[in-house]
Amino acid sequence: MPRLTIATTATAVPMGAQAYQRHIASRASAALDSLSDTGEHWQVRSVVARSLRSPLPGTFRLPMGWLRGASPRARAAVGRVAYAGGGLVHRMDLELPPAPHEVVTLHDVVAWRWPDESAPVASAAAELRRAAAVVCVSAFTAAEAVELLGLDDPVVVPNGVEDRYLGAQALGAEGLAALGVDGPFILTAGGASERKNLAALAEAWPRVRARRPDLTLVLAGPPHPRRTELFGALPGVRLVGRVTDDVLPGLYAAASVVVVPSLVEGFGLPALEGMAVGVPVVASNRSSLPEVVGDGGLLVDPTGAALAEGVLDVLAGGSDVETMARRGLQRARGFTWEASAQGHARVWRAVAG
């Protein structure tokens, strides 16, 4: 019986990468079975590594801090012990030690490109080159991996969007009031690192506000000093912090426009989530965003002037905007986690075979 071990790390504050891990791991067995024409069944297990002192649940402990700077030989030795008897390993976090026979997920290369992101694991690039296969979540990320890290033929398997976003009901007045939001608003959700391009959004907002003083700009995401510095003194802005998973789809659905101004996204899940709830999306025309958005949103240059113009054009409404939002919803329906899991299963079967 073929064996697959899916290896992840315990995280106190789950983000997009952790959602990916959860969705693929939970669908791995079914996806593998669906591709079998002989009735062959795989043995699939998930392992969760945690640091030596972490209070988080997990299946084994590793010296995670030491591993980041350990030599390639030391990391490989730890990996041989950690995954012993696990067959093919899919390593979903580059901080984990490598396995002798593995598939690795690469969400993006921002650690190598952007100084304000966490520095890459020193031996990560070499480990990726040695992997049996590397899964990238977009063609953009795959091209970056080939150019920057020297990978050969990474496999593109897009992410999915959770079903709860599709046709989500807009958060009502009471739920919005709990977040301090009143009246119509535009929404930006995500992090605040430099590549998220919030500086351009801060430049765009006064232009939008001058034309539409009834609007609020809502920014959702973990507290970050850059976001506070850029928007704290601007009128009509509400920083709502990290919004819980059960509330977030309704917040998206209640927005008049979802804006994704990023310079670089490995995939661009906030754009897909906005499309999935049927709200018009204005997104940067850079990196992976055109792949995800396609004709289901308005793609603009990532400048303050272009973002403002795009938002105002969409806010003007009309049949073109309504049609665009419908295309976005239809396009989002094609990005399922079941399809993503099957894409992964094809990689596992090819590598194991």
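Note that the structure is a prediction, hence the values are computed from the model and not measured.

Caption draft 1: View of the overall build of the protein. Per the secondary structure count, the protein includes 15 helices and 13 strands. Its C-alpha atoms give the protein a radius of gyration of 21 Å, within 12% of the compact-globule value 20 Å for 353 residues. Along the three orthogonal principal directions, the C-alpha set of the protein runs to about 60 × 45 × 40 Å. Per-residue burial over the protein gives 50% buried out of 353 residues. A sequence separation of at least 24 residues applies to 64% of the contacts in the protein between residues at least 6 apart. For the protein, the computed accessible surface area is about 15300 Å², with 53% contributed by carbon and sulfur atoms. Placing the 33 positive and 34 negative side-chain charges of the protein at their respective mean positions leaves the two points 7 Å apart.

Caption draft 2: Spatial organisation of the packing of aromatic side chains. Scanning the entire structure with this criterion turns up three aromatic pairs. Ring geometry for tyrosine 165 and tyrosine 252: centres 5.7 Å apart, planes at 75°, overall edge-to-face. Within this pair, whereas tyrosine 165 is found in the loop between strand 7 (155-156) and helix 7 (173-178), its partner tyrosine 252 is found in helix 10 (residues 248-254), the two being separated by 87 residues in sequence. Judged by its relative accessible area of 2%, tyrosine 165 is buried. Judged by its relative accessible area of 1%, tyrosine 252 falls in the buried class. Between phenylalanine 267 and phenylalanine 335 the ring centres are 6.1 Å apart and the planes differ by 70°, which places this aromatic pair in the edge-to-face class. With phenylalanine 267 in the loop between strand 11 (257-260) and helix 11 (269-276) and phenylalanine 335 in the loop between helix 14 (319-332) and helix 15 (337-352), the pair connects residues that are 68 residues apart, well separated along the chain. Just as phenylalanine 267 is buried, phenylalanine 335 falls in that class too.

Caption draft 3: Layout of the sheet that holds strand 8 (residues 185-189). Reading across from one edge, 10-9-8-11-12-13 is the order of the six strands in this open sheet, with parallel pairing throughout. Looking along the sheet, the strands with just one partner apiece sit at the ends: strand 10 (237-241) and strand 13 (298-300). Recorded for the sheet is a direction-independent mean angle of 25° between the axes of neighbouring strands. In this sheet, strand 9 (residues 216-220) lies alongside strand 8 in parallel orientation, the contact comprising five bridges. Pairing of alanine 189 across the sheet is with alanine 220, part of strand 9.

Caption draft 4: The arrangement of the sheet that holds strand 7 in detail. An order of 3-2-1-4-5-6-7 is seen for the seven strands of this open sheet, with the pairing classed as parallel. Lying at the two open borders of the sheet, with one neighbouring strand each, are strand 3 (60-62) and strand 7. Bridge count between strand 1 (residues 3-9) and strand 2 (residues 43-51): seven bridges; the pairing is parallel. The residue of strand 2 that forms the bridge with isoleucine 6 is serine 46.

Caption draft 5: Summary view of the nonpolar core. Counting 35 residues, the largest nonpolar core has Phe185, Leu187, Leu251 and Tyr252 as its most contacted members. Elements represented by at least two residues in this core include exactly strand 8, strand 9, helix 10, strand 11, helix 11, strand 12 (281-284) and helix 12 (289-293). The contacts of leucine 187, once residues within four sequence positions are left out, are Val218, Ala220, Leu251, Tyr252, Ala255, Val257, Val258 and Val259. The next biggest cluster of nonpolar side chains, apart from the first, holds 26 residues, and it includes Ala202, Phe231, Val259 and Ala308.

Caption draft 6: A look at the packing of helix 8 (residues 198-211) against helix 13 (residues 304-315). Where helix 8 meets helix 13, the axes come as close as 7 Å, and the angle between the chain directions of the two elements is 40°. The orientation of helix 8 relative to helix 13 falls into the category oblique. For the pair helix 8 and helix 13, the sense of crossing is right-handed. Contacts from Ala200, Leu201, Glu203, Ala204, Arg207, Val208 and Arg211 in helix 8 reach Gly304, Ala305, Leu307, Ala308, Val311, Leu312 and Leu315 in helix 13. Residues that form the contact of helix 8 with helix 13 fall into these classes: 10 nonpolar, one polar and three charged.

Caption draft 7: View of empty space enclosed by the protein. Here the structure, examined in full by the defined rule, presents one cavity of 30 Å³ or more. Reported here for the largest cavity is a volume of approximately 60 Å³. Lining the largest cavity are Thr188, Ala189, Gly190, Gly191, Lys196, Leu198, Val260, Pro261, Ser262, Glu265 and Pro270. Grouping the amino acids of the lining of the largest cavity by side-chain chemistry returns five nonpolar, four polar and two charged.

Caption draft 8: Up close: unusual backbone geometry. With a phi close to 50°, aspartate 153 is a non-glycine residue in the positive phi region. With respect to the secondary-structure elements, aspartate 153 resides in the loop between helix 6 (139-149) and strand 7. By relative accessible area, aspartate 153 is classed as exposed at 70%. One non-glycine residue with positive phi stands out, namely serine 287, at about 55°. Topologically, serine 287 is positioned in the loop between strand 12 and helix 12. Residue serine 287 is classed as buried on the basis of its relative accessible area of 18%.

What counts and how
Residues numbered from 1 in each chain as written. Predicted model: local features only at pLDDT ≥ 70, side-chain atom pairs only at ≥ 80, totals over all residues. Heavy atoms only, no water. Helix = DSSP H or I, 4+ residues; strand = E, 2+ residues; numbered from the N terminus. Rg over C-alpha atoms; globule rule 2.2 N^0.38 Å. Buried < 20%, exposed > 50% of the residue type's maximum accessible area, 1.4 Å probe, protein only. Contact = heavy atoms within 4.5 Å. Areas by Shrake-Rupley, 256 points an atom, 1.4 Å probe, with all protein chains shown as cover. Lys, Arg positive; Asp, Glu negative; His and termini not counted. Charge placed at Lys NZ, Arg CZ, Asp CG, Glu CD. Phe/Tyr/Trp six-rings, centres within 6.5 Å; stacked < 30°, edge-to-face > 60°. Pairing = 2+ DSSP bridges. Axes fitted to C-alpha atoms, helices over the stretch in contact; angles between N-to-C directions. Core = buried A, V, L, I, M, F, W, Y, C linked by side-chain atoms within 4.5 Å. Parallel < 35°, antiparallel > 145°, perpendicular 65-115°, else oblique. Left-handed = near helix turned anticlockwise from the far one by under 90°. Nonpolar A, V, L, I, M, F, W, Y, C, P; charged D, E, K, R; others polar. 1 Å grid on protein atoms, 1.4 Å probe; cavity = no way out; pocket = protein on both sides within 12 Å on 5 of 7 lines; lining within 4 Å. Points joined across faces, edges and corners; volume = space filled by probe spheres on them.

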